[in-house]
Amino acid sequence: MRKLGRVVSLGYLVIVEWTWGMEIPWATQIGPRLRIFHGTGIVINAESVLGADVVLRQGVCLGNRRSGGGSPRVGNRVDFGAASLVLGPYSIGDDSKIGAASVVLADVEAEAVVVGNPARTVKSRIS
């Protein structure tokens with residue numbers, strides 16, 4: 001059984017990381033209907049959690065800032081622009097949009113649109 005696990009892991013590594021250019025560990029909790037557009041360069045920490053109907057584009061990174069520092073929790077229907085980063089134990093609310101090249105270092109409320117480095121809210125459900 002252990003040998004079979006190694007073969008499967010190696011196959012996954014070759015297909016996902018080497019061929020497609022993405023690092024998405026098999027243990028990552030991902031909701032249904034994940035959509036990936038131009039997936040090259042996507043990196044997701046194994047401890048990250050993604051909800052349903054999430055959209056990822058090239059260069060998105062969902063990870064921690066240091067080992068054991070916590071990873072992002074992404075709600076449902078969140079749309080990530082190209083090269084956007086969420087680094088740390090932050091929650092991204094449902095129906096949010098993360099702009100291209102944004103660096104998220106804080107929680108994002110539901111239905112918000114954030115842009116910039118560091119990311120700032122330009123539209124929220126309250127405004």
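Treat the numbers as computed from the prediction; the structure is a model and nothing was measured. Counting restarts for each chain, with residues numbered from 1 along the sequence as it is written. At least 70 in pLDDT is required for a residue's local features to be given in this predicted model, at least 80 for side-chain atom pairs to be given and counted, and no such filter applies to totals for whole chains, interfaces and linings, which use all residues. Excluded from the side-chain calculation are hydrogens and water; included are all heavy atoms of the structure.

Colleague: Any details on the overall build of the protein? Residues and values, ideally.
Modeller: The helix and strand inventory of the protein stands at one helix and 14 strands. Against the compact-globule benchmark of 14 Å for 127 residues, the protein has a radius of gyration of 15 Å, which places it among compact chains. Only protein chains enter the accessibility calculation, which uses a 1.4 Å probe; a residue is then buried when its area is under 20% of its type maximum, exposed when over 50%, and partly exposed in between. Of all 127 residues assigned to the protein, the portion counted as buried reaches 36%. Any two residues whose heavy atoms approach within 4.5 Å are treated as being in contact. Considering only contacts within the protein whose residues lie at least 6 apart along the sequence, 14% involve residues at least 24 apart. Surface exposure here means Shrake-Rupley accessible area, sampled with a 1.4 Å probe, where a residue is shielded only by the protein chains that are shown. Surface summary for the protein: the accessible area is close to 7400 Å², and the carbon and sulfur share equals 56%. The charge count includes Lys and Arg as positive and Asp and Glu as negative, but it does not include His or the ends of the chains. Just so you know, the charge point we use is NZ for Lys, CZ for Arg, CG for Asp and CD for Glu. Measuring between centres, the 14 positive side-chain charges of the protein sit 5 Å from its 10 negative side-chain charges. To qualify as a helix, a DSSP run of H or I must reach at least 4 residues; to qualify as a strand, a run of E must reach at least 2; elements of each kind are numbered from the N terminus. As defined in this context, the radius of gyration uses C-alpha atoms, and a globule is described by 2.2 Å times the residue total to the power 0.38.

Colleague: Before we move on, could you go through the sheet that holds strand β3 (residues 43-44) and cite the residues and values that matter?
Modeller: The pairing criterion for strands is at least two bridges between them, as found by DSSP. The parallel open sheet is built from four strands, whose spatial order is β3-β6-β9-β12. In this open sheet, the two edge strands, each paired with only one partner strand, are β3 and β12 (103-104). Inspection of the sheet shows β3 paired to strand β6 (residues 61-63) by two bridges, in the parallel sense. Paired with Val 43 across the strands is Cys 61, a residue of β6.

Colleague: Residue-level account of unusual backbone geometry, with values.
Modeller: Note that the residue after Asn 117, namely Pro 118, is joined by a cis bond; omega there is -5 degrees. Within the fold, Pro 118 resides in the loop between β13 (113-115) and β14 (120-123). Phi angles above zero are rare outside glycine, and His 38 is one such case at about 50 degrees. Structurally, the position occupied by His 38 is in the loop between β2 (35-37) and β3. Taking the relative accessible area as the measure of exposure, His 38 reaches 65% and is therefore exposed. The phi dihedral of Ala 101 is positive, around 60 degrees, even though this residue is not glycine. With respect to the element layout, Ala 101 can be found in the loop between β11 (97-98) and β12. Under the relative-accessibility criterion, Ala 101 is labelled partly exposed at 48%.

Colleague: Kindly report on the sheet that holds strand β1 (residues 29-30), identifying the contributing residues and their values.
Modeller: Spatial strand order, β1-β4-β7-β10: four strands in an open sheet with parallel pairing. Strand pairing shows two members of the sheet lacking a second neighbour, β1 and β10 (91-92), which therefore form its edges. Relative to strand β7 (residues 73-74), strand β4 (residues 49-50) runs parallel, the two being bridged by two bridges. In the strand pairing of β7, Leu 50 is matched with Val 74.

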